[in-house]
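Below are the chains, spelled out letter by letter.
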Amino acid sequence: MMYQVTIKGKGAMVDAFKEEGIFVTFGDNAPDTLKDFCYSIDVNPVNGEVKPGCKLVIDGKEFKIVKVGDVANENLKNLGHVTYNFGGEDAECLPGTICMEKAELPDLEIGSTIAIVE
């Protein structure tokens, strides 16, 4: 397992991106302008590099990672900040985004676990 974290808080507007198949995580230092849109997490170490072919595991359910933005690994490691996009191969993968296979966005609650495995 290269990364694991537990959701400890939920901004008031996290569902704003649900229809687009996107959710965002951020450590405790999230700027006030973003806090409402993020799930808050602890900043945990990342052992290795997240890349296409790895799997995102949310509460035990696996999703294949298809693309990784240029700064996603660095942001995850330093800030816990990543946008997770379930739009599939055709999704626009912005620099701070990890894109998964096309799938319905899983339900996330406080206590949900997010892991990345090779």
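Note that the structure is a prediction, hence the values are computed from the model and not measured.

What counts, and at which threshold
- Residues numbered from 1 in each chain as written.
- Predicted model: local features only at pLDDT ≥ 70, side-chain atom pairs only at ≥ 80, totals over all residues.
- Heavy atoms only, no water.
- Pairing = 2+ DSSP bridges.
- Helix = DSSP H or I, 4+ residues; strand = E, 2+ residues; numbered from the N terminus.
- Phe/Tyr/Trp six-rings, centres within 6.5 Å; stacked < 30°, edge-to-face > 60°.
- Buried < 20%, exposed > 50% of the residue type's maximum accessible area, 1.4 Å probe, protein only.
- Core = buried A, V, L, I, M, F, W, Y, C linked by side-chain atoms within 4.5 Å.
- Contact = heavy atoms within 4.5 Å.
- Polar contact = N/O pair within 3.5 Å; in protein donor to acceptor, adjacent residues only side chain to side chain.
- Salt bridge = Lys/Arg side-chain N within 4 Å of Asp/Glu carboxyl O.

Enquirer: Before we move on, can you summarise the sheet that holds strand 6 (residues 61–68) with the specific residues and values?
Expert: Taken together, nine strands build an open sheet; the order of strands is 1-9-5-6-8-7-3-4-2 and the sheet is mixed. Taken across any chain shown, the strands that pair with only one partner, and hence form the sheet edges, are strand 1 (3–6) and strand 2 (9–10). Bridge analysis of strand 3 (residues 22–26) against strand 7 (residues 82–85) gives four bridges, and the strand direction is antiparallel. Residue Val24 lies in a different strand from strand 7, and its bridge partner there is Thr83.

Enquirer: An account of the packing of aromatic side chains is requested, with residue identities and associated values reported.
Expert: The tally for this structure, following the rule as stated, stands at five aromatic pairs. Aromatic side chains Phe23 and Tyr39 sit 6.0 Å apart centroid to centroid with 85° between the ring planes, which places their arrangement in the edge-to-face category. Here Phe23, found in strand 3, pairs with Tyr39, found in strand 4 (residues 39–40); they are 16 residues apart in sequence, far enough to count as distant. A relative accessible area of 1% places Phe23 in the buried class. Ring centres of Phe23 and Tyr84 lie 4.7 Å apart, and the angle between their planes is 20°; on these two criteria the pair is classed as stacked.

Enquirer: Could you give an account of the nonpolar core, with specific residues and numbers?
Expert: Formed by 26 residues in total, the largest nonpolar core has its most connected members in Tyr3, Phe23, Leu56, Tyr84, Phe86, Ile98 and Ile116. Only strand 1, strand 5 (55–58), strand 6, helix 2 (72–79), strand 7, strand 8 (97–100) and strand 9 (113–117) provide two or more residues apiece to this core. Among all residues touching Phe86, those that are not within four sequence positions of it are Gly21, Phe23, Leu56, Ile58, Phe63, Met100, Glu101, Lys102, Ala103, Leu105 and Pro106. Core analysis: the second largest hydrophobic core is formed by five residues, Ile22, Val24, Phe26 and Ala30 among them.

Enquirer: Which residues make up unusual backbone geometry, and what are the values?
Expert: Unlike most non-glycine residues, Asp59 shows phi in positive territory, near 50°. Locating Asp59 in the fold gives a position in the loop between strand 5 and strand 6.

Enquirer: Go over the side chain of Ser112 with me, naming the residues and quoting the values.
Expert: Here Ser112 shows up in the loop between strand 8 and strand 9. Contact partners of Ser112, with chain neighbours within four places excluded, come to Val5, Thr6, Ile7, Asp59 and Asp107.

Enquirer: How would you summarise the side chain of Thr25 if you had to cite specific residues and measurements?
Expert: Within the element layout of this structure, Thr25 appears in strand 3. At 2.9 Å, the side chain of Thr25 and the backbone oxygen of Gly80 are in polar contact. The contacts of Thr25, once residues within four sequence positions are left out, are Tyr39, Ile41, Gly80, His81, Val82, Tyr84 and Ile114.

Enquirer: Requested: an account of the pattern of salt bridges, with residues and values cited.
Expert: Pairs may arise between side chains of opposite charge once their charged atoms sit close together. Counted according to the given criterion, the structure contains six salt bridges. A salt bridge links Asp42 to Lys8; its shortest N-O distance comes to 2.6 Å. Of this pair, Asp42 sits in the loop between strand 4 and strand 5 while Lys8 is found in the loop between strand 1 and strand 2, placing the two residues 34 residues apart along the sequence. Given the relative accessible area of 36%, Lys8 is considered partly exposed. Via salt bridges that share partners, Lys8, Asp28 and Asp42 belong to a single interconnected network.

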